[in-house]
Amino acid sequence: MTEADVHSSERGLFKEVEFSLTSGMDVRCATFHPIDPVLACGLGKGNLAFLRGSHHSTPFENWEIEPKQYRYGRIILSVQWNADGTKVAAGSDDGTVSVWSYPGDGKQVFRRNGRSHFPLIIWNPFNPDVFASYNNALDTKQVMIANFANEKPLSHAIESYLNCQTVAWISYKQLAFGYDDGTFEVHELGLSQIGLLNSEMVQKIGHDFGDDEHDRATSSHPEFQSELRCSVSNIAMNMELGLLASVGTDRRVKLWFRGTNDPTRIVKFPLQLNDLDSNCKSLVWCSDIKKRKKAFLACGLENGTIVIWYLGSNETLKLSGLDQIHQLLLSPDKRYLASIDYFKKLIIWCTESWEAIYILPSSGFKYPYVMTWDAASSKLGISGRRGQGQFNVIEYGVAEKCCAVCKKTSENLKRCSRCRSIYYCGRECQRSHWPQHKRDCNRNE
């Protein structure tokens, strides 16, 4: 048994806890503070409410609602903290993004032109004063940038004739845009001579070209471009390794050194060279050079598979058990990877053993949750943007080491091998408890 297995099965486990403090509240979105035990909740009635725990270890059921709420005026559909937790931004379907100074009262309002539906807010992880806002649920050709570094906040719109599919910050001043023609661009922010925020495209890369001689030869011929074009669906930057990962509907993942136009690596699988089994919808990096953890890239596919690609050895493995992947989210301590599909099935994976240590069954309703980890990695929040159903928190807690039947405590207790949620002292207690436990056990399959 590995150390991770001991941690998940002997020291504690994840359990769903009730969000009883928000009874009567319509929570559309929520996100944990990047440092403190605080949860920001966007409400359907237009308020931004906050829950706070005295410590990260405080059970979530004991967190309290802060008296102060920020008034938005419209339904809040997205909410995000900046990198240091000093600002929180909320977006609505009218294109408006409001930013508050936390825990103060300062507020700035920005409006992005065009259709919004569900606006996405991406704070720059390297610069807490800058964010980007766009929408990839509908056709969108504009990304709004806002900068709070000066006394008077600045905004700037980056326009394109192409539809923007994904946005990723790759440095303090640079961000990458993935488009539906198989290319992605790198733009660098700056200030004009009169102090206005502006941007310049410094690089344009063809994701679907450049990996072999055939691609290079045909990329210059217009008659072949329509056949080779794909949408760049996700871009992810790893600053420790200095690598940019891109993935598109051509079913390939490529790695690029920043500033280069040719990929340095392409994901390769033994059964289907150069190709994924399905289109990739989500990319997550994991590397920790200080702790000498093996770097990997997690790829969530449309067919419900998660491919783990270890960069050092080019080893790959596949995890399954979901429908179309909507979101992958790595815990801050990198011990867990949470995955959610479009039918609201949630799985928490241990990144050491890749054991599925928690499963929340699918609701059968095709409308995905959005996930958020707290800074201590002991709580995972999931919220549905339609506000249907209760907000959920999956919390890691100490396992109750006693037999579920006779309540006997012992070092030799055995865990249910199917659901891994309860213990028995022996086969006799397990058999006698099965008629009662059967429903819950099957629910966790």
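All values reported here derive from a predicted model rather than from experimental measurement.

Participant: What should I look at first to understand the sheet that holds strand S28 (residues 336-341) in this one?
Facilitator: Consider a sheet: its strands pair through backbone hydrogen bonds, and that pairing is either parallel or antiparallel. The four strands lie next to each other as S27-S28-S29-S30, forming an open sheet whose pairing is antiparallel. Both edges of this open sheet fall to strand S27 (325-330) and strand S30 (356-360), since each of them pairs with a single strand only. Neighbour-to-neighbour, the strand axes of the sheet open up by a mean angle of 15 degrees, direction not taken into account. Taken together, the five bridges between S28 and strand S29 (residues 346-350) define a ladder with antiparallel strand orientation. Residue pairing for S29: Ala-338 is matched across the bridge by Ile-348.

Participant: Would you mind going over the sheet that holds strand S9 (residues 96-101) with me for this structure?
Facilitator: Pairing in this open sheet of four strands is antiparallel, and the strands run S7-S8-S9-S10 from one edge to the other. Two strands bound the open sheet, and with one partner strand each, they are strand S7 (78-81) and strand S10 (107-111). Neighbour to neighbour, the strand axes of the sheet diverge by 20 degrees on average, direction disregarded. With four bridges joining them, S7 and strand S8 (residues 87-91) adopt antiparallel strand pairing. By the bridge assignment, Ser-78 is partnered in S8 with Gly-91.

Participant: Would you mind showing me how to read the pairing of strand S14 (residues 154-159) here?
Facilitator: Along any regular strand, the residues point their side chains to alternate faces of the sheet. Every second residue of S14 is oriented toward a common face, the buried set being Leu-154, His-156 and Ile-158 and the non-buried set Ser-155, Ala-157 and Glu-159. When strand S13 (residues 142-147) meets S14, the two strands line up antiparallel, connected through six bridges. Opposite Ala-146, over in S14, you have Ser-155 as the bridge partner. From the end of S13 to the start of S14, which pair antiparallel, there are six residues.

Participant: Even after reading the chapter, I still don't get the environment of Trp-123, so can you show me in this structure?
Facilitator: Within the secondary structure, Trp-123 sits in strand S11 (residues 120-123). A relative accessible area of 8% means that Trp-123 is categorised as buried. Distance in space between the C-alpha atoms of Trp-123 and Gln-80 is 7.6 Å, their sequence separation being 43 residues. Once residues within four sequence positions are removed from consideration, Trp-123 is found in contact with Gln-80, Trp-81, Asn-82, Lys-87, Ala-89, Val-99, Pro-128, Asp-129, Val-130, Phe-131, Phe-148 and Trp-169. At 3.1 Å, the side chain of Trp-123 forms a polar contact with the backbone oxygen of Gln-80.

Participant: How should I be thinking about the confidence of the model for the chain in this particular structure?
Facilitator: For residues with low pLDDT, the predicted coordinates do not support detailed interpretation. Averaged over all residues, the pLDDT of the chain is 80; the fraction at 70 or higher stands at 80%. Segment residues 1-11 is flagged for pLDDT under 50; beyond a separation of four residues in sequence, or across chains, it makes 28 contacts in the model. In this model residues 210-227 is a low-confidence stretch, pLDDT under 50, and it forms 18 contacts with partners more than four residues away in sequence or in other chains.

Participant: Explain the pattern of salt bridges to me, please; I cannot follow it from the model alone.
Facilitator: For side chains of opposite charge, pairing can occur when their charged atoms come near one another. This model, assessed by the stated rule, comprises six salt bridges. Ionic pairing is found between Glu-185 and Lys-204, a salt bridge with its closest N-O pair at 2.9 Å. A residue pair is termed long-range when its members are at least 10 positions apart, and Glu-185 in strand S17 (residues 183-191) and Lys-204 in strand S18 (residues 197-206) qualify at 19 residues. Note on Lys-204: relative accessible area 37%, which makes it partly exposed.

Participant: I keep staring at unusual backbone geometry and nothing clicks. Help me out?
Facilitator: Negative phi values dominate among residues other than glycine, just as trans dominates among peptide bonds. In this structure, Pro-103 follows Tyr-102 across a cis peptide bond, with omega equal to 5 degrees. For Pro-103, the position within the fold is in the loop between S9 and S10. One non-glycine residue with positive phi stands out, namely Lys-334, at about 65 degrees. Inspection of the secondary structure assignment puts Lys-334 in the loop between S27 and S28. The phi angle at Ser-377 is positive, at roughly 65 degrees, despite the residue not being glycine.

Participant: I would appreciate a short explanation of the side chain of Ser-282 in the present structure.
Facilitator: By secondary structure assignment, the location of Ser-282 is in strand S23 (residues 280-288). A relative accessible area of 7% places Ser-282 in the buried class. For Ser-282, the side chain forms a polar contact with the main-chain nitrogen of Leu-328, separated by 3.4 Å. Sequence-distant contacts of Ser-282, that is, excluding residues within four places in its chain, are made with Asn-234, Ala-298, Cys-299, Gly-300, Gln-327 and Leu-328.

Participant: What exactly am I supposed to notice about the side chain of Ser-378 here?
Facilitator: Take Ser-378: it is sitting in the loop between strand S31 (369-373) and strand S32 (379-384). Relative accessible area serves as the criterion here: at 15%, Ser-378 is assigned to the buried category. With residues up to four places along the chain from it excluded, the contact list for Ser-378 reads Phe-14, His-56, Ile-394, Glu-395 and Tyr-396.

Rules and cut-offs
Residues numbered from 1 in each chain as written. Predicted model: local features only at pLDDT ≥ 70, side-chain atom pairs only at ≥ 80, totals over all residues. Heavy atoms only, no water. Pairing = 2+ DSSP bridges. Helix = DSSP H or I, 4+ residues; strand = E, 2+ residues; numbered from the N terminus. Axes fitted to C-alpha atoms, helices over the stretch in contact; angles between N-to-C directions. Buried < 20%, exposed > 50% of the residue type's maximum accessible area, 1.4 Å probe, protein only. Contact = heavy atoms within 4.5 Å. Polar contact = N/O pair within 3.5 Å; in protein donor to acceptor, adjacent residues only side chain to side chain. pLDDT = per-residue confidence, 0-100. Salt bridge = Lys/Arg side-chain N within 4 Å of Asp/Glu carboxyl O.

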